Amino acid sequence: MSIAAPVPPATAHRPALAPLPGDVDNRATYISFGLAYVLGHGSAAVSQGATPLLELPGWLPMTFLGAGLAAGTLQATAAAMRAQRAAEKPDDILSGKLLGVAWVTAFTGLFLAITGLASTLDAPDLQSMLWPTGSGFVVGLLYVAEGAVRRNLLHYGLGTWLVLTSTAALLLGSPGLYWALTVAGGGAYALAATLERRRLVR
């Protein structure tokens, strides 16, 4: 007479996966960069072109963008440092440190590249196109790296989206690229901030 193995009840659930060491809340970073996109790129979109919707000072969009990028970079660096402090393995600690420093390195390199190009080509207006798209490209690549290291699919997906939309926006010229960055980038950050809350709750 054979004895059948007990069948687990249908209502039983597998235990939830434990959060990864070094997992952090990215909402402050997403909100800071999202505001930079909406206020910086949005103000550029409505104030440029043949028939601007609003008359705004030329320095205002770049000021909004710069302030938002600075706040977002600080938040991202702080998040990387929090992840590093929460990590347990030596390799994870080193990865957190390198990711934190990468933000400063990347934006320093972007500043030198854009400033050098504008100066060499004697085209100062080039900065108004390269800063919005270049910053989105750099941030996206950093998100892809962080998402891969922390196994955070939301972070990785957002980074991939930013890399593709930021570079594709260059094809639209001005003011089309600003509209694309405002809608595609700002919308993506808003969605990511909402999904990040749900991810942390789970």
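Residues numbered from 1 in each chain as written. Predicted model: local features only at pLDDT ≥ 70, side-chain atom pairs only at ≥ 80, totals over all residues. Heavy atoms only, no water.

Student: Now, about the overall build of the chain: what can you tell me, with residues and values included?
Tutor: When you go through the chain residue by residue, the secondary structure sums to six helices and zero strands. Listing the helices and strands of the chain from first to last along the sequence gives α-α-α-α-α-α. Classification of the 202 residues of the chain by burial places 40% in the buried group. Taking all contacts inside the chain whose residues are at least 6 apart in sequence as the whole, residues at least 24 apart take part in 73%. Total accessible area on the chain stands at roughly 11700 Å², and carbon and sulfur atoms take up 69% of it. (Helix = DSSP H or I, 4+ residues; strand = E, 2+ residues; numbered from the N terminus. Buried < 20%, exposed > 50% of the residue type's maximum accessible area, 1.4 Å probe, protein only. Contact = heavy atoms within 4.5 Å. Areas by Shrake-Rupley, 256 points an atom, 1.4 Å probe, with all protein chains shown as cover.)

Student: Quick rundown of the environment of Gly72? Include the residues and the values.
Tutor: Structurally, Gly72 can be placed in helix H2 (residues 59-86). Separated by 43 residues in the primary sequence, Gly72 and Thr29 have C-alpha atoms spaced 5.1 Å apart.

Student: I'd like a rundown of helix H4 (residues 127-150), residues and numbers included.
Tutor: If you check H4, its first and last C-alpha atoms are 33 Å apart, about what 24 residues at 1.5 Å a residue would give, namely 34 Å. Taken from the residues just after H4, Arg151 is the one with a positive phi, measuring 55°. (Expected span 1.5 Å × (residues − 1).)

Student: Can you explain the nonpolar core? Please cite residues and give values.
Tutor: If you look at soluble globular proteins, the nonpolar side chains tend to sit buried side by side. Counting residues in each nonpolar core, the largest one holds 30 residues, and the members touching the most others are Tyr30, Trp103, Val139, Tyr143, Leu158 and Tyr189. Elements represented by at least two residues in this core include exactly helix H1 (27-47), H2, helix H3 (90-120), H4, helix H5 (153-168) and helix H6 (176-201). Among the elements that line this core, the one with the most residues is H6, at seven residues. Excluding anything up to four places from it in sequence, Leu158 contacts Tyr30, Tyr143, Ala188, Tyr189 and Ala192. (Core = buried A, V, L, I, M, F, W, Y, C linked by side-chain atoms within 4.5 Å.)

Student: Before we move on, can you summarise the confidence of the model for the chain with the specific residues and values?
Tutor: Keep in mind that low pLDDT regions are not for reading the predicted coordinates in detail. When the pLDDT values of the chain are averaged, the result is 82; 86% of them are 70 or greater. Looking over the chain, one finds the lowest element-wise mean pLDDT in H2, namely 80, and the highest in H5, namely 95. Taken as a whole, residues 10-19 scores under 50 in pLDDT and shows zero contacts with residues more than four places along the chain or in a different chain. (pLDDT = per-residue confidence, 0-100.)

Student: Give me the lowdown on a nonpolar patch on the surface, citing residues and values where you can.
Tutor: On the surface, Ile31, Leu35, Val38, Leu39 and Phe64 cluster together into a nonpolar patch covering about 420 Å² of accessible area. Turning to its location among the elements, Val38 is positioned in helix H1. The exposure class of Val38 is partly exposed, given its relative accessible area of 42%. (Patch = residues over 30% accessible without salt bridge, like charges linked within 9 Å, V, L, I, M, F, W, Y side chains within 5 Å. Salt bridge = Lys/Arg side-chain N within 4 Å of Asp/Glu carboxyl O.)

Student: Please give an account of unusual backbone geometry that cites residues and values.
Tutor: Following Ser174, the chain continues into Pro175 via a peptide bond in cis, with omega recorded as 5°. Unlike most non-glycine residues, Asp122 shows phi in positive territory, near 50°. Of note, Asp122 is situated in the loop between H3 and H4. Even without glycine at this site, Arg151 takes up a positive phi of about 55°. Within the secondary structure layout, Arg151 lies in the loop between H4 and H5.

Student: For the packing of H1 against H4, give the residues involved together with the corresponding values.
Tutor: Following both chains from N to C, one finds H1 and H4 inclined at 165°, their axes separated by 12 Å at the closest point. Judged by the angle between their axes, H1 and H4 are roughly antiparallel. Considering only the axes of H1 and H4, their crossing is left-handed. Judged by residue contacts, Thr29, Tyr30, Phe33, Tyr37 and His41 of H1 engage Pro132, Gly136, Val139 and Tyr143 from H4. Residue composition of the contact of H1 with H4, by class: six nonpolar, three polar and no charged. (Axes fitted to C-alpha atoms, helices over the stretch in contact; angles between N-to-C directions. Parallel < 35°, antiparallel > 145°, perpendicular 65-115°, else oblique. Left-handed = near helix turned anticlockwise from the far one by under 90°. Nonpolar A, V, L, I, M, F, W, Y, C, P; charged D, E, K, R; others polar.)

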